[in-house]
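# Structural characterization, general
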Amino acid sequence: MDGSAKYCDWIAVDWGTSHLRAWAMSDTGDVIAHAKSTNGMGVLNRDQYSDALIELVDAWLGSTITPVVACGMVGSRQGWVEAPYQTVPCKPATDHLVKPNSADTRCDIHIISGVKQDAPADVMRGEETQIAGFIAKNPNWDGVLCLPGTHTKWVHISAGEIVSFQTFMTGEMFAALSEHSVLRHSVETSDWDSTAFEDAVADAIAKPERLAARLFSLRAQGLLHNLSNAEAKSSLSGQLIGSELAAARPYWLGQNVAIVGADRLSDIYAHALKLQGVVAENTDGEEMTLAGLTAAYSNLRETS
């Protein structure tokens, strides 16, 4: 669908660091239209958020007030307004909504709060909405959610609540190492080597303390033994994800596991888990985001 819509009952918004995505929604949770822009948190000052939103959704607004439910970095300290964190254990993305100041009276805007954990210290923004969406679609499910990305989350879910979670900077480390380290010369390729990935995962899980040495060895193997870029890139991914799995073992070992994210990265995590005997259910990240925003909107209607 394009960005045009004759009407909508409410607007769902996922506002991250680099992108703004919006959906014109019906009361029943159907998508009428969608639109996106590059006006993410990273390029906006606090007084620019209202204009950035209206520029994207103006065609969907009528003469009546339209509810808008937003999640993501828009509620961070650097965002439109800081939406205070809920503390685990908690039900995510339900009744903790914050209203920012808006110059446009056609919108009634609500921003979903993130979630925090005091010990060990951890935070999330945006993922709580995906988690709420998964819980809404799987109300009796207990287990662990893996949300792979720049900062991968492992989240223990029980009785519809986030019990605990842990974040790993695996995606950011992969990007930094492949783009800004000596390994950038070794991993410049779009090809993939499954065997190299599998071997690296097994090696990292067995000996995670050797990660730093194993990573430099990828460069040395390329110089001395003609290790291909596909093998090096796949091994880099396997070493990082394997080390993450070793540290996150208390979360996935003996648990029901579901993965929420983009197809390609979710498939990689699912494959790594399968090597450990864990069959994980893959779910679409965007679908869970919309389901979570819809759950928050439904709760907002019931309580307003």
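The structure we're discussing is the one just above.
Read on for an overview of the structure. (Residues numbered from 1 in each chain as written. Predicted model: local features only at pLDDT ≥ 70, side-chain atom pairs only at ≥ 80, totals over all residues. Heavy atoms only, no water.)

### Digging into the pairing of strand 14 (residues 281-284)
- Two elements, strand 13 (residues 257-261) and strand 14, share 4 bridges in a ladder whose sense is parallel. Note on strand 14: the bridge partner recorded for G261 is D284.
- Running through helix 8 (residues 263-274), the crossover from strand 13 to the neighbouring parallel element strand 14 is right-handed. (Pairing = 2+ DSSP bridges. Helix = DSSP H or I, 4+ residues; strand = E, 2+ residues; numbered from the N terminus. Right-handed = clockwise from strand over helix to strand, strands pointing away.)

### What to know about the sheet that holds strand 10 (residues 143-147)
- Taken together, 5 strands build an open sheet; the order of strands is 12-11-10-13-14 and the sheet is mixed. Taken across any chain shown, the strands that pair with only one partner, and hence form the sheet edges, are strand 12 (161-168) and strand 14. Pairs of neighbouring strands in the sheet enclose a mean axial angle of 25°, with direction left out of account.
- Direction of pairing for strand 10 relative to strand 13: parallel, over a ladder of 3 bridges. Residue pairing in the sheet places C146 in a bridge with I259 of strand 13.
- On the sheet, helix 2 (residues 127-137) packs against strand 10, strand 11 (152-158), strand 12, strand 13 and strand 14 and is oriented at approximately 135° with respect to strand 10. (Axes fitted to C-alpha atoms, helices over the stretch in contact; angles between N-to-C directions. Contact = heavy atoms within 4.5 Å.)

### Some thoughts on the sheet that holds strand 8 (residues 115-117)
- Spatially, 3 strands are ordered 5-8-9 in an open sheet, and the strand pairing comes out mixed. Strands with a single pairing partner mark the edges of an open sheet, and in this sheet they are strand 5 (86-87) and strand 9 (122-124).
- By the bridge criterion, 2 bridges tie strand 5 to strand 8 in an arrangement that is parallel. Note that in strand 8 the partner of T87 across the bridge is K116.

### Description of the nonpolar core
- With 28 residues, the main nonpolar core has I11, V13, W15, L53, V57, W60 and W80 as its most contacted residues.
- Of all the secondary-structure elements, those providing two or more residues to this core are strand 1 (10-15), strand 2 (20-25), strand 3 (31-37), helix 1 (49-57), strand 4 (66-72) and strand 7 (107-112).
- Top contributing element to this core by residue count: helix 1, with 6 residues.
- Contacts of W80, omitting those with residues within four sequence positions, involve W15, R46, Y49, S50, L53, V74, P100, N101, S102, I109 and I111.
- C146, F168, L245 and A272 belong to the second-largest nonpolar core, a separate cluster that totals 21 residues. (Core = buried A, V, L, I, M, F, W, Y, C linked by side-chain atoms within 4.5 Å. Buried < 20%, exposed > 50% of the residue type's maximum accessible area, 1.4 Å probe, protein only.)

### Side note on the side chain of T66
- Topologically, T66 is positioned in strand 4.
- You can call T66 buried: its relative accessible area is 4%.
- Setting aside residues no more than four positions away along its own chain, T66 makes contact with C8, D9, W10, I11, L61, R106, C107 and D108.

### Thoughts on the packing of helix 2 against helix 9 (residues 285-303)
- Interhelical geometry of helix 2 versus helix 9 gives an angle of 80° and a closest axis separation of 6 Å. When the interaxial angle is binned, helix 2 and helix 9 end up roughly perpendicular. Only G285, E287, M288, T289, A291, G292, L293 and A295 of helix 9 make contact with helix 2, whose side of the interface consists of T129, Q130, A132, G133, F134, A136 and K137.
- When grouped by side-chain class, the residues that make up the contact of helix 2 with helix 9 number 7 nonpolar, 6 polar and 2 charged. (Parallel < 35°, antiparallel > 145°, perpendicular 65-115°, else oblique. Nonpolar A, V, L, I, M, F, W, Y, C, P; charged D, E, K, R; others polar.)

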